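# Structural features, examined
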Amino acid sequence: MKNILKLTLAVVCVMFSTSLFAQKIGRITSNEIVFTMPETIEAQKQVEAFEKELQGQYETIMVEANTKYQEFQKNYDTMTDAVKQLKEKEIMELQNRLTEFQKAAGADIQKKSAELMQPIIEKANKAVQDVAKAGGYSVILETGSMVYFDEATVKDITPDVKAKLGIDPNAKPVQPAAATQAAQ
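Thresholds, definitions, all that
- Residues numbered from 1 in each chain as written.
- Predicted model: local features only at pLDDT ≥ 70, side-chain atom pairs only at ≥ 80, totals over all residues.
- Heavy atoms only, no water.
- Phe/Tyr/Trp six-rings, centres within 6.5 Å; stacked < 30°, edge-to-face > 60°.
- Buried < 20%, exposed > 50% of the residue type's maximum accessible area, 1.4 Å probe, protein only.
- Lys NZ or Arg CZ within 6 Å of the ring centre and 35° of its normal.
- Helix = DSSP H or I, 4+ residues; strand = E, 2+ residues; numbered from the N terminus.
- Expected span 1.5 Å × (residues − 1).
- Core = buried A, V, L, I, M, F, W, Y, C linked by side-chain atoms within 4.5 Å.
- Contact = heavy atoms within 4.5 Å.
- Salt bridge = Lys/Arg side-chain N within 4 Å of Asp/Glu carboxyl O.

## Things to note about the packing of aromatic side chains
If you walk through the whole model with that rule in mind, you get two aromatic pairs. Where Phe72 meets Tyr76, the ring centres are 5.4 Å apart and the plane angle is 75°; that geometry is what we call edge-to-face. Since its relative accessible area comes to 36%, Tyr76 is described here as partly exposed. The lysine or arginine in question, Lys24, covers the ring of Tyr137, its NZ or CZ lying 4.7 Å from the ring centre.

## Observations regarding helix H3 (residues 38-74)
Residues spaced three or four apart along an α-helix face the same direction, because each turn holds 3.6 residues. With 37 residues, H3 extends 53 Å from end C-alpha to end C-alpha; this agrees with the ideal 54 Å at 1.5 Å per step. All of the buried residues along H3 are Thr40, Ala43, Gln44, Val47, Phe50, Leu54, Tyr58, Ile61, Ala65 and Phe72.

## A short note on the nonpolar core
Nonpolar side chains in soluble globular proteins generally cluster together in the buried interior. Ranked by internal contacts, the top residues of the largest apolar core, which has 30 residues, are Ile33, Val161 and Leu165. When residues of this core are traced back to their parent elements, those giving at least two are helix H2 (30-34), H3 and helix H4 (81-135). Sorting elements by how many residues they give to this core places H4 first, with 13 residues. Ignoring sequence-local partners within four residues, the contact set of Ile33 consists of Ile28, Ala124, Val128, Thr158, Val161, Leu165 and Ile167.

## Remarks on the pattern of salt bridges
Summed over the entire model, instances satisfying the criterion amount to eleven salt bridges. In this structure, the salt-bridge partner of Arg97 is Glu64, at a minimum N-O distance of 3.9 Å. Placement of Arg97 in helix H4 and of Glu64 in helix H3 is noted, with a sequence separation of 33 residues between them. Arg97 gets classed as partly exposed once you look at its relative accessible area, which sits at 41%. Overall, Glu64 belongs to the partly exposed group, its relative accessible area being 33%. Notably, a salt bridge pairs Glu90 with Lys68, separated by 3.4 Å at the nearest N-O pair. Highlighted residues: Glu90 in helix H4 and Lys68 in helix H3, separated in sequence by 22 residues. Looking at Glu90, the relative accessible area reads 24%, which means it is partly exposed. One network of salt bridges, in which partners are shared, links Arg27, Glu151 and Asp156.

The following block contains the structure:
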């Protein structure tokens, strides 16, 4: 009985190790895929336009704060203590508004970038899955997270995924915008 159990266990181990080695493994560089997609360039343009809009609003508040501060300095000697306190309070409130605006704008830019990049990333992931299924791959790994891989046994399917997306496989990725990078 013990011999049958040992034999069964040995057969299972051999079958498991054989099936493990029979798996096809591929690798991708997802950033290269995403940042060569035309949709990414358009998303970056939209994020940059949004940033410029927010920058304009920030500058408007900044001009208001500078004007009040210069007016405060110019008329300081002629103001009563009560007026000085009121003007100081106004200037502090404007500085607080600027700080809060900067925080909110940063969060809004990240949100906008993530919102625009999400469908692009989903489209790239779908293309990876399609290429993996069509090629019979059981595992696809991210190139940047691997310490070592054998080029002969782990195929780079990045060019295949680019081709699936209609992108020239030799196309170089665009430089990611700071906000777009933060969304990833």
